[in-house]
Amino acid sequence: MDYIGKGEPPSVETAEAFVRAAYAGVLRRAPDENAFAYYVDQLANGVMTYDQLLSYFCSLDEFFARAAPQSSGNAIAALYSKGRWEHGNPYRWVDEPASIVAFHFPKTAGISLRRLIASYLHPLQLGSDAGEKRSSESRYGKYQKFFCWHMTWAEYCTIPGPKVTLSCLREPKSRLLSLFGFLRAIHDTAGVPYDAAAKAAFHSPQEFFEPRNPAVRNVVDNAYVRTLAEAECRDGEPDPLWAQPAECVDLAFDRIKRFDGLFALEEVSESGGKLPERVRSVLSKALGTEVSQMMPRANIGPGMDVPVALAEEQVLELTRLDAELYRRVLEHIGKAR
């Protein structure tokens, strides 16, 4: 199997065989049904190459968790390069000093953004939460260049600088309903801090949309503002978000407008999948090469559109502050609606 992005894509049968082998050889488990079909489609239609799929698998936490600490780095290098410091196209070792950070809010195309950036970096520079936790030299992996997860503001501040930061916002009501559908579908596999919200979405939608449990409220109630303003709700204490809502919105906006590449998901949708030029240019400079303007196709995830009867006021209350922040961000980037 030598398809690396040149010539004709593989047949569906060949793609299926390769995806099964990748799951077995790299992740050491059986494929997920939805993801398996997605990867086969991507390979057979020439959207993804063999080396891109393997590189993505080798960037996942579960790969690092299952590979022996002393061999995980060598395994990645052996898969993709002639030696530890060489890497063939389309992956490059980036020597620019700045780290690249994607401040990712759930259901805002974070996986698509990760795939775009990951296609220009050596796998050892992509990082992994599991890999970071095993590093003896620092909190983060020795070679890590790219940072992307559902981070808190405090975590963001610990990422080594200098750093170039990207973030995408999505219309808040749309984002909340998408999050509900996604968590409802994966309720039994969602990890912390989304496990309580996932169970609520599946077993008690009312608890999701009228959250009393702080673990649910923290991830569904105006999550943009709560995250950026560090307004975490705790049992037995007043909710800091609602104690000073105007101040929290002001702080959230002051912080997010400092990011180098800020955009709305709706911009990408309305342009046919193109990353805004102002963001693409920032990313190209950080990676030292011209980055494609086209974002990779929609991310993987089951059950994104689960219908539910909702009172409009519930959704509005859970997105009211986020809607104000979103409006300010659109004005800031010159995309006021």
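So, how was this worked out
- Residues numbered from 1 in each chain as written.
- Predicted model: local features only at pLDDT ≥ 70, side-chain atom pairs only at ≥ 80, totals over all residues.
- Heavy atoms only, no water.
- Axes fitted to C-alpha atoms, helices over the stretch in contact; angles between N-to-C directions.
- Helix = DSSP H or I, 4+ residues; strand = E, 2+ residues; numbered from the N terminus.
- Parallel < 35°, antiparallel > 145°, perpendicular 65-115°, else oblique.
- Left-handed = near helix turned anticlockwise from the far one by under 90°.
- Contact = heavy atoms within 4.5 Å.
- Nonpolar A, V, L, I, M, F, W, Y, C, P; charged D, E, K, R; others polar.
- Core = buried A, V, L, I, M, F, W, Y, C linked by side-chain atoms within 4.5 Å.
- Buried < 20%, exposed > 50% of the residue type's maximum accessible area, 1.4 Å probe, protein only.
- Polar contact = N/O pair within 3.5 Å; in protein donor to acceptor, adjacent residues only side chain to side chain.
- Salt bridge = Lys/Arg side-chain N within 4 Å of Asp/Glu carboxyl O.
- Pairing = 2+ DSSP bridges.

**Q** Residues and numbers for the packing of helix α9 (residues 172–185) against helix α18 (residues 312–332), please.
**A** Where α9 meets α18, the closest approach of the two axes is 8 Å, and the angle between their N-to-C directions is 125 degrees. Classed by the angle they form, the pair α9 and α18 counts as oblique. In the packing of α9 onto α18, the handedness of the crossing is right-handed. Contact residues: Pro172, Lys173 and Leu176 in α9; Glu312, Val315, Leu316, Leu318, Thr319, Asp322, Ala323 and Tyr326 in α18. Class assignment of the residues belonging to the contact of α9 with α18 gives a composition of 7 nonpolar, 1 polar and 3 charged.

**Q** Describe the nonpolar core, listing the residues and the values that go with them.
**A** Ranked by size, the top nonpolar core spans 30 residues in total, and within it Phe103, Tyr156, Val225, Leu228, Ile256 and Leu325 carry the most contacts. The set of elements that each furnish at least two residues to this core consists of β1 (99–103), β2 (146–149), α8 (153–158), α13 (223–228), α15 (245–256), β4 (261–264) and α18. Setting aside chain neighbours within four positions, we find Ile256 in contact with Phe105, Leu169, Leu228, Leu262, Leu325 and Val329. Among the nonpolar cores identified, the runner-up in size contains 27 residues, and Ala102, Ile117, Leu121 and Phe263 belong to it.

**Q** Pulling in residues and values, what's your account of the side chain of His104?
**A** Examined against the element boundaries, His104 turns out to sit in the loop between β1 and α6 (110–118). Only 3.3 Å separates the side chain of His104 from the side chain of His150, close enough to count as a polar contact. Once you skip the residues sitting within four places of it in the chain, His104 turns out to touch Gly110, Ile111, Cys148, Trp149, His150 and Met151.

**Q** Describe the pattern of salt bridges, and please don't skip the residues or the numbers.
**A** The tally for this structure, following the rule as stated, stands at 17 salt bridges. The salt bridge partner of Arg234 is Glu232, with a shortest N-O separation of 3.5 Å. With relative accessibility at 45%, the residue Arg234 sits in the partly exposed group. A salt bridge links Asp250 to Arg328; the nearest nitrogen and oxygen atoms lie 2.9 Å apart. Of this pair, Asp250 sits in helix α15 while Arg328 sits in helix α18, and the two are 78 residues apart along the sequence.

**Q** Break down the sheet that holds β1 for me, with residues and values.
**A** Strand order in the open sheet made by the 4 strands is β2-β1-β3-β4, with parallel pairing throughout. Strands at the two margins of the open sheet, each flanked by one partner only, are β2 and β4. Taken pair by pair, the neighbouring strands of this sheet meet at an average axis angle of 15 degrees, ignoring direction. Bridge analysis of β1 against strand β3 (residues 163–169) gives 4 bridges, and the strand direction is parallel. Across the sheet, Val101 pairs through a bridge with Thr165, a residue of β3.

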